[in-house]
Amino acid sequence: MDKSIDKRTTRGSAIGDMKSSDIFGVAVRTIGLLVVLYGLYDIWTGFDNFVENLIWPPSQDDSNTGSALSYFVFGVPEFIVGVLLFFLADWVAKLAYRE
């Protein structure tokens, strides 16, 4: 068996050199990024709803319109948790994989 084939397949592979804690850190960062994007979506929707209610005030019988405050109540903590997950992924991985 030729050893150059084995070297060629493992040398270019970045995942082959990663430990399980590194892969877990990448997964935590990915989840953090998704939570940040969802938080930004909620904040943007709340801002849009707030501006829309300023321009066209809702009627009294319209109960389907969401409150702009509820979007901010959920969007701001989502954004903060997502940023913390994204930037503290190494710390979370160290807590999960104590060496």
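Further up the page is the structure itself.
Residues numbered from 1 in each chain as written. Predicted model: local features only at pLDDT ≥ 70, side-chain atom pairs only at ≥ 80, totals over all residues. Heavy atoms only, no water.

Let us look at the packing of aromatic side chains. The description of an aromatic ring pair rests on the distance of the ring centres and on the angle between the ring planes. Applying the stated criterion across every chain, the model contains four aromatic pairs. Where F86 meets F87, the ring centres are 5.2 Å apart and the plane angle is 90°; that geometry is what we call edge-to-face. Taking relative accessible area as the criterion, F86 reaches 31% and is therefore assigned partly exposed. (Phe/Tyr/Trp six-rings, centres within 6.5 Å; stacked < 30°, edge-to-face > 60°. Buried < 20%, exposed > 50% of the residue type's maximum accessible area, 1.4 Å probe, protein only.)

A word on the pattern of salt bridges. Counted by the stated rule, this structure contains one salt bridge. Residue D90 pairs with R29 through a salt bridge whose shortest N-O separation is 2.9 Å. Residue D90 is located in helix 4 (residues 89-96), and its partner R29 is located in helix 2 (residues 20-55); the two are separated by 61 residues in the primary sequence. Since its relative accessible area comes to 28%, R29 is described here as partly exposed. (Salt bridge = Lys/Arg side-chain N within 4 Å of Asp/Glu carboxyl O. Helix = DSSP H or I, 4+ residues; strand = E, 2+ residues; numbered from the N terminus.)

Bringing the packing of helix 2 against helix 3 (residues 68-87) into the picture now. The interhelical angle for the contact between helix 2 and helix 3, taken along N-to-C directions, is 155°, at an axis separation of 7 Å. Between helix 2 and helix 3, the crossing angle belongs to the class labelled roughly antiparallel. Helix-helix and strand crossings are classified by hand; for helix 2 and helix 3 the assignment is left-handed. (Axes fitted to C-alpha atoms, helices over the stretch in contact; angles between N-to-C directions. Parallel < 35°, antiparallel > 145°, perpendicular 65-115°, else oblique. Left-handed = near helix turned anticlockwise from the far one by under 90°.)

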